[in-house]
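Coordinate analysis (summary)
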Amino acid sequence: MRYDMNLYDGPFDCFKNREKDIELRLNDEKRQKIRSGDRIFFHRLNDRHDILKCEVSDVRCYSDFRQLYAKEDLFRCGYKVGDTPSFEDMYAYYSKEAIERCGVLAIEVKVSDEPYWMDGHVHLEHGPLTKEYVLEFVREAERKGLDELDILDHSHRFREFRSCYDHLRIYPQQDEWLNRPSKFADSLEDYDSLIREIRKLDLPLRVCFGLEVCYTEDTEELLREILKDGKYDFLTGSVHSVGHILYDMPFSEELLKEKYTEEEVCHLYYERLINCASSGLFARIGHPDQIKVTVSDSGIDLTEDFRKLARVLSEKQVIAENNTGCHWRYGIEEIGNSEKLLEIFKEHNVRMIAASDAHDPQNTGLFVKEATQRIRQSEIEGEEEDDAGKFCE
């Protein structure tokens with residue numbers, strides 16, 4: 001079984017630094033089923049992407065914290081030399097009545113060094129909004145050893161966003177694409193109903209729900225009104241058009257060449273992506289270098305664009321995807337972001353997550369472990385450079 005628990009910074013860091021391996025909890029209905037061998041995922045309370053994977057070694061039950069404090073090694077529970085442990089410390093978290101009613105637990109765990117494997121970008125776009133279809137993605141994610149699956153659908157699936165795409169209809173090719181039966185076919189209430197249904201299930205991995213929203217400056221206020229309820233686990237903002245032209249469609253090259261050079265396309269893309277990140281609408285930015293799928297000139301210098309974007313992402317605490325879709329969908333050699341973009345993101349302490357951009361169940365999790373390792377490697381190299389700098393001072 002899998003259990004997810006939130007921790008304040010202090011206890012979280014104690015587990016992370018291997019200064020603590022026993023978690024104290026109320027033996028309530030939620031935790032009475034915890035057994036040796038189960039998995040616990042500790043989430044830093046104010047950062048849902050800072051996660052520790054643990055395996056339960058033992059579970060010991062006590063009638064109250066007085067009895068627990070008399071039996072357990074309190075240093076393993078997080079206390080430090082110089083502290084004055086008291087069972088009454090736990091009253092800050094649980095009432096005396098709850099403790100007396102439920103009893104308490106000492107949960108001994110072993111923290112894993114294995115990364116938290118997640119796919120942060122999966123679409124239901126090619127299928128119905130049904131529980132059965134979602135479970136096809138869940139089974140594939142479990143088969144590939146993922147710990148979390150983040151499902152989001154494009155805003156152009158939902159009727160509420162129809163007017164946000166009117167600016168694209170000036171070109172017949174795009175108007176035809178927007179008139180496909182799959183566009184604006186469902187409502188957000190249909191999606192919300194599905195989410196409520198899935199959240200009732202006991203699933204083998206964490207499943208979160210959001211939206212991938214096509215951003216333009218012209219539609220920002222309209223998007224703000226549509227999204228004001230904030231009811232999803234996350235919102236991902238993406239840029240899919242330059243000017244009023246979609247850049248990653250079969251007809252895109254012809255339309256773009258009539259109006260822009262490739263260098264202009266790239267700079268306009270990043271200008272819009274920076275505005276997207278600055279808008280305050282989104283927790284994440286989708287596929288931040290996807291513009292490379294439409295550009296043949298690899299010699300275009302985007303260093304300053306990358307830096308401007310990285311500064312905004314860091315300042316606004318917006319997460320960037322390391323999205324593998326360009327690799328397996330478009331044949332780009334790199335698995336995720338370019339080395340240069342990864343390097344600059346790391347320099348600016350931009351948080352990154354791996355994502356596949358799967359549109360069908362069988363593609364769930366494609367190359368996300370490789371993308372996760374690239375993120376980790378960029379972090380390690382950044383830390384090594386920081387350490388080297390200390391010796392040069």
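Data block above holds the structure.
Residues numbered from 1 in each chain as written. Predicted model: local features only at pLDDT ≥ 70, side-chain atom pairs only at ≥ 80, totals over all residues. Heavy atoms only, no water.

This part takes up the overall build of the protein. Looking only at helices and strands, the protein features 13 helices and 14 strands. Taken over the C-alpha trace, the protein has a radius of gyration of 24 Å; the compact-globule value for 393 residues is 21 Å, and the two agree within 12%. With respect to the three principal axes, the spread of C-alpha positions in the protein is 80 × 60 × 35 Å. Each of the 393 residues in the protein was classed as buried or not, and the buried ones make up 54%. Partitioning the intrachain contacts of the protein with sequence separation of at least 6 by distance along the chain shows that 79% fall at a separation of at least 24. (Helix = DSSP H or I, 4+ residues; strand = E, 2+ residues; numbered from the N terminus. Rg over C-alpha atoms; globule rule 2.2 N^0.38 Å. Buried < 20%, exposed > 50% of the residue type's maximum accessible area, 1.4 Å probe, protein only. Contact = heavy atoms within 4.5 Å.)

Inspection of every chain in the model, using the stated rule, returns 15 aromatic pairs. A ring pair is formed by Y133 and F137, whose centres lie 5.1 Å apart and whose planes are at 90 degrees; its orientation type is edge-to-face. In this pair, Y133 and F137 are both assigned in helix α4 (residues 131-143), 4 residues apart and thus about one turn of the helix distant. Each member of the pair, Y133 as well as F137, is classed as buried. With centroids separated by 5.5 Å and ring planes inclined at 85 degrees, the aromatic side chains of Y247 and Y269 adopt a geometry described as edge-to-face. Of the two residues, Y247 is situated in the loop between β11 (245-246) and α8 (252-257) and Y269 in helix α9 (residues 262-278); the sequence distance between them amounts to 22 residues. Of the two residues, Y247 and Y269, both sit in the buried class. (Phe/Tyr/Trp six-rings, centres within 6.5 Å; stacked < 30°, edge-to-face > 60°.)

Attention now moves to the side chain of E108. With respect to the element layout, E108 can be found in strand β5 (residues 104-111). A distance of 3.0 Å separates a polar atom in the side chain of E108 from a polar atom in the side chain of R76. (Polar contact = N/O pair within 3.5 Å; in protein donor to acceptor, adjacent residues only side chain to side chain.)

Now for the pattern of salt bridges. A full pass over the atoms with the stated rule returns 41 salt bridges. Its salt-bridge partner being D13, residue R44 comes within 2.7 Å of it at the nearest N-O pair. Highlighted residues: R44 in strand β3 (residues 39-44) and D13 in helix α1 (residues 9-16), separated in sequence by 31 residues. Residue E140 is joined to R143 by a salt bridge in which the shortest nitrogen-to-oxygen separation is 2.8 Å. A residue pair is termed a helical-turn pair when its members lie 3 or 4 positions apart in one helix, as E140 and R143 do in helix α4 at 3 residues. When salt bridges that share partners are traced, they join D21, D58, R60, E72, R76 and E108 into one network. (Salt bridge = Lys/Arg side-chain N within 4 Å of Asp/Glu carboxyl O.)

Here we take up α9. When the terminal C-alpha atoms of α9 are compared, their 24 Å separation across 17 residues agrees well with the 24 Å that a helix rising 1.5 Å per residue should span. Here α9 has its buried residues at V265, C266, Y269, Y270, R272, L273, I274, C276 and A277. Considering only its buried residues, α9 is in contact with β9 (234-238), β10 (241-242), α8, β12 (284-285) and α10 (303-316). Once α9 finishes, G280 follows within two positions and takes phi at roughly 80 degrees, a positive value. (Expected span 1.5 Å × (residues − 1).)

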